[in-house]
Amino acid sequence: MKIQSLISERRIKRKVKELAEEISWDCRNKDLLLLGILKGSFVFLADLMRTLEIPAECDFLKVRSYAGDKSSGKIRIDFLPSLKKRDVLLVEDIIDTGLTINSIKEEIKKQKPRSLKLCSLLNKPARRKQKVKIDYLGFEVPDKFVVGYGLDYEEKFRNLPYVGIYPVK
Ligand code: IMP
């Protein structure tokens, strides 16, 4: 199946560089931990981390919340590393309803990190149910189901180098 391109590989590359420069400057005096939310963020996080100009560590959260293309809003974090006194930058693939990321933030705050910020590759504001503060954003996308560059439809298309629209019926 051919997936229609929405955001090209070249645009993504340029944006990752911009975000990495901004984060590198803002976090130059921090003990930065990139905390990726699996699986959707792993491609973005890998590119972002390699483009940063400052030292950074990474870790990942596995969250169960999603089946097919509907957000349940209920999450369970399978593994949460110790975040006490860390400068945490959550790295997410897409903010849709906002329910997942807000629940994750609540869980993380219980661990008392020194700082907590959010970087998301994509934002789909049309379906927002809860307000979300995105500190670093790549692109806004329309109310379509998008795949590629880490994002999937039933585990497929994560390997596309661009973001495209999946034709959900
Ligand atoms: P939210 O709780 O509705 O904000 O859902 C967030 C999660 O749903 C994201 O981290 C994705 O894993 C998934 N998701 C939401 N919209 C899309 C999409 O268009 N394509 C692929 N995954 C999506």
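Scroll up to find the structure.
Residues numbered from 1 in each chain as written. Predicted model: local features only at pLDDT ≥ 70, side-chain atom pairs only at ≥ 80, totals over all residues. Heavy atoms only, no water.

Draft legend 1. Quick peek at the packing of helix H1 (residues 9–26) against helix H2 (residues 42–51). Contact pair H1 / H2: the axes reach a minimum separation of 9 Å and the direction vectors enclose 55°. One finds that H1 runs oblique with respect to H2. Once H1 is placed against H2, the crossing between them reads as right-handed. Across from Val16, Lys17, Leu19, Ala20 and Ile23 in H1, the residues of H2 making contact are Phe44, Asp47, Leu48 and Thr51. Taken together, the residues that form the contact of H1 with H2 break down as six nonpolar, one polar and two charged. (Axes fitted to C-alpha atoms, helices over the stretch in contact; angles between N-to-C directions. Helix = DSSP H or I, 4+ residues; strand = E, 2+ residues; numbered from the N terminus. Parallel < 35°, antiparallel > 145°, perpendicular 65-115°, else oblique. Left-handed = near helix turned anticlockwise from the far one by under 90°. Contact = heavy atoms within 4.5 Å. Nonpolar A, V, L, I, M, F, W, Y, C, P; charged D, E, K, R; others polar.)

Draft legend 2. Region of interest: the nonpolar core. Ile23, Phe44, Leu48 and Leu122 are the most contacted members of the largest nonpolar core, which totals 29 residues. Counting residues per element, the ones that place at least two in this core are H1, strand E2 (32–38), H2, strand E5 (87–95), strand E6 (115–123), strand E7 (136–140) and strand E9 (163–166). Residue contributions to this core peak at five residues, all from H1. Setting aside residues no more than four positions away along its own chain, Phe44 makes contact with Val16, Leu19, Val91, Glu92, Cys119, Ser120, Leu121 and Tyr149. By size, the runner-up hydrophobic cluster in this structure holds 16 residues, among which are Leu35, Val63, Leu90 and Ile101. (Core = buried A, V, L, I, M, F, W, Y, C linked by side-chain atoms within 4.5 Å. Buried < 20%, exposed > 50% of the residue type's maximum accessible area, 1.4 Å probe, protein only.)

Draft legend 3. Molecular detail of the packing of aromatic side chains. For the coordinates displayed, the defined rule picks out three aromatic pairs. Considering the side-chain rings of Phe145 and Tyr153, the 5.6 Å spacing of their centres and the 80° angle between planes classify their relative orientation as edge-to-face. Residue Phe145 is classed as buried on the basis of its relative accessible area of 13%. Residues Tyr153 and Tyr166 carry aromatic rings whose centres are separated by 4.2 Å and whose planes lie at 20° to one another, so their mutual orientation is stacked. Of this pair, Tyr153 sits in the loop between strand E8 (145–147) and E9 while Tyr166 sits in strand E9, and the two are 13 residues apart along the sequence. These aromatic residues form a ring-pair network of at least three members: Phe145, Tyr153, Phe157 and Tyr166. Across from the ring centre of Phe139, 5.3 Å away, lies the NZ or CZ of Lys15, which sits over that ring. Between Arg28 and the ring centre of Trp25, over which it is positioned, the NZ or CZ distance is 3.8 Å. (Phe/Tyr/Trp six-rings, centres within 6.5 Å; stacked < 30°, edge-to-face > 60°. Lys NZ or Arg CZ within 6 Å of the ring centre and 35° of its normal.)

So, to be careful, I would describe these as geometric facts and stop short of saying anything about function.
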